[in-house]
Amino acid sequence: MKALEGVKILDMTHVQSGPTCTQLLAWFGADVIKVERPGVGDATRAQLRDIPDVDSLYFTMLNHNKRSVTVNPKTKTGKKIFTRLIEECDVLVENFAPGAIDRMGFSWENIQSINSRIIYASINGFGPGPYEECKVYENVAQCTGGAASTTGFLGGPPIVTGAQIGDSGTGLHLALGIVAALYQRETTGRGQRVTCAMQDGVLNLCRVKMRDQQRLEKGPLREYSQYGQGVPFGESTPRAGNDSGGGQPGWILKCRGWETDPDAYVYFITQAAVWGNICDLIGKSEWQDERGYASPEERLDKIPEIFEEIEKWTKTLGKLDVMRQCNRLNIPCGPILSMKELSIEESLKKTGTVVEVDHPTRGSYLSIGNPIKLSDSPSDVSRSPLLGEHTLEILRDLIGLSQEEIEEAVEEGGTGTEAATN
Ligand SMILES: CC(C)(COP(=O)(O)OP(=O)(O)OC[C@H]1O[C@@H](n2cnc3c(N)ncnc32)[C@H](O)[C@@H]1OP(=O)(O)O)[C@@H](O)C(=O)NCCC(=O)NCCS
């Protein structure tokens, strides 16, 4: 028995943000029925292909544990099928540009009149306001949600991050909204509308930068290294390079081999509580009692100099040795691990965070499993569905269409031809 067993999700999502959400729900045990356009499917099936004519890693890594049915709700038979699916399901999830589901003839009012218990969840680029009609992709959300303006080096241009905080981040937010709505339905008996805008999701993840915006209005941000460097602050939260977001100064430092290995670096935090250990480790024991170095306050204007000194030590060791030596002394630090290193990390494989999945047309590939571990509901990762793979079983067994009705829908293009063959 899985946490969300028995919950049926009508999954109209595509690309990354929506599929991230429904994949998580599937890993928690929900029956996720991915509705795709007949003959075409989710556009990512064909994007960034590494093997010709095979579902891309983009698609396979975001659509595990789902079933696929092809339906075109813009046709007469497709509308009938879609209506039956709304009747049967607990949640409808989508992330089309605004109004696409309405244009198919399914407004929220209409959906509620078909099934008052359904939860209708959407990801939009922006919430209501001047930009609500705009299409949004990952980096648009990063730029409009405050992440890009606060990422990068002082004096340099804004930078986007490799973490998909706009897409996958908003998918995570939406999944939580859906689970909360399912829980509330237990008492109200009613479904509800759940929305999450990508701009809002990114801004939520940039909460500490809004904190700093307000602190800045009261005075300089003393933990930012620009303070120690004597660079004046402007009106908004600045880009902080690799400064740490909390009160403990941190920076990325070179390790042995950095000249040829782009990932031979470590993130080093000069946590006040272990300052003595840091001084001993790098051979600067005298700093512990020296005026100007002994307290965090005194060190604020010397942060670049202190990191230069620490780097002399980190450059003598491999990044993992730095980590080992630091952790022995309770000093927090993080080696920069590359995707290659993460893909072969045995401990991640053991916990199911990195998994090998078999696929009938592409063979075996590496994926990332559920990072959220439930002791009573372990997540098994199964491959993504082929386009329309489960069409027949869904039309026949879930919504009870007769063979004749299925043939009529295939004929009209309401569903794909695989319905007749699978
Ligand atoms: C991601 C995005 C920019 C892609 O835009 P797009 O490729 O032009 O796709 P849209 O969402 O605008 O439109 C999809 C169209 O396909 C149609 N479609 C989708 N599924 C269909 C199906 N099963 N059968 C028939 N038509 C279908 C829709 O009806 C819509 O057509 P319409 O605009 O003529 O009404 C856009 O969907 C978006 O802004 N989404 C919200 C934010 C978001 O999630 N962005 C992140 C994506 S990772």
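Residues numbered from 1 in each chain as written. Predicted model: local features only at pLDDT ≥ 70, side-chain atom pairs only at ≥ 80, totals over all residues. Heavy atoms only, no water.

A. Seen up close, the pairing of strand S8 (residues 265-269). Relative to S8, strand S7 (residues 250-254) is paired through five bridges, and the arrangement is antiparallel. The residue of S8 that forms the bridge with Leu253 is Val266. Pairing geometry for S8 and strand S9 (residues 333-335), over three bridges, is antiparallel. Paired with Phe268 across the bridge in S9 is Cys333. (Pairing = 2+ DSSP bridges. Helix = DSSP H or I, 4+ residues; strand = E, 2+ residues; numbered from the N terminus.)

B. The site of the ligand, seen in detail. As a matter of local geometry, the ligand sits amid 22 residues, with Arg37, Ala97, Arg103, Lys135 and Val136 nearest to it. In this structure, Ser17 approaches the ligand through a side-chain N or O atom, which is 2.9 Å from an oxygen atom. Here Val71 contributes a backbone N or O atom positioned 2.9 Å from a nitrogen atom of the ligand. In isolation the ligand exposes 930 Å². Once the protein is present, 82% of that is buried. Classifying every residue of the shell around the ligand gives ten nonpolar, six polar and six charged. (Near = heavy atom within 4 Å. Polar contact = N/O pair within 3.5 Å; in protein donor to acceptor, adjacent residues only side chain to side chain. Areas by Shrake-Rupley, 256 points an atom, 1.4 Å probe, with all protein chains shown as cover. Nonpolar A, V, L, I, M, F, W, Y, C, P; charged D, E, K, R; others polar.)

C. Focus on the pattern of salt bridges. According to the stated counting rule, one finds 23 salt bridges in the structure shown. In this structure, Lys284 engages Glu286 in a salt bridge whose closest nitrogen and oxygen atoms are separated by 3.5 Å. (Salt bridge = Lys/Arg side-chain N within 4 Å of Asp/Glu carboxyl O.)

D. Quick peek at the sheet that holds strand S5 (residues 119-124). On the basis of which strands lie adjacent, the open sheet formed by six strands has the order S3-S2-S1-S4-S5-S6 and parallel pairing. In this open sheet, the two edge strands, each paired with only one partner strand, are strand S3 (66-70) and strand S6 (193-197). Strand after strand, the sheet turns through a mean of 20 degrees between neighbouring axes, direction not considered. Sheet topology note: the strand S2 (residues 31-36)/S3 ladder contains five bridges and is parallel. Counterpart to Glu36 in the pairing with S3 is Thr70. Of the strands in this sheet, strand S1 (8-12), S2 and strand S4 (91-94) are in contact with helix H3 (residues 76-88), which crosses S1 at around 140 degrees. (Axes fitted to C-alpha atoms, helices over the stretch in contact; angles between N-to-C directions. Contact = heavy atoms within 4.5 Å.)

E. Representation of the packing of aromatic side chains. Within this structure, the stated rule accounts for seven aromatic pairs. Taking 6.2 Å as the distance between ring centres and 70 degrees as the angle between the ring planes, the aromatic pair formed by Phe153 and Trp251 counts as edge-to-face. In this pair, Phe153 sits in the loop between helix H6 (138-144) and helix H7 (167-188) while Trp251 sits in strand S7, placing the two residues 98 residues apart along the sequence. Given a relative accessible area of 48%, Phe153 falls into the partly exposed group. Plain terms: the ring middles of Trp275 and Trp287 are 5.9 Å apart, the flat faces sit at 10 degrees to each other, and that makes the pair stacked. (Phe/Tyr/Trp six-rings, centres within 6.5 Å; stacked < 30°, edge-to-face > 60°. Buried < 20%, exposed > 50% of the residue type's maximum accessible area, 1.4 Å probe, protein only.)

F. Molecular detail of the nonpolar core. Counting 31 residues, the largest nonpolar core has Ile9, Leu25, Val91, Val93, Leu174 and Ile178 as its most contacted members. Looking at this core, the elements with two or more residues in it are helix H1 (17-27), S4, S5, H7, S6 and helix H8 (198-205). Of all hydrophobic cores here, the second largest spans 28 residues; its members include Ile101, Tyr120, Ile394 and Ala419. (Core = buried A, V, L, I, M, F, W, Y, C linked by side-chain atoms within 4.5 Å.)

G. Geometry of a positive patch on the surface. On the surface, Arg37, Lys74, Lys79, Arg103 and Lys135 cluster together into a patch of positive charge. Here Lys79 shows up in helix H3. (Patch = residues over 30% accessible without salt bridge, like charges linked within 9 Å, V, L, I, M, F, W, Y side chains within 5 Å. Lys, Arg positive; Asp, Glu negative; His and termini not counted. Charge placed at Lys NZ, Arg CZ, Asp CG, Glu CD.)

H. Structural view of the packing of H1 against H7. Contact geometry for H1 and H7: axes closest at 7 Å, N-to-C directions at 45 degrees. Accordingly, the angle class assigned to the pair H1 and H7 is oblique. In this structure, H1 crosses over H7, and the sense of that crossing is right-handed. Residue-level inspection shows Ser17, Thr20, Cys21, Leu24 and Leu25 of H1 in contact with H7, the latter providing Asp167, Ser168, Gly171, Leu172, Leu174, Ala175, Ile178 and Val179. Looking at the contact of H1 with H7, its residues break down into eight nonpolar, four polar and one charged. (Parallel < 35°, antiparallel > 145°, perpendicular 65-115°, else oblique. Left-handed = near helix turned anticlockwise from the far one by under 90°.)

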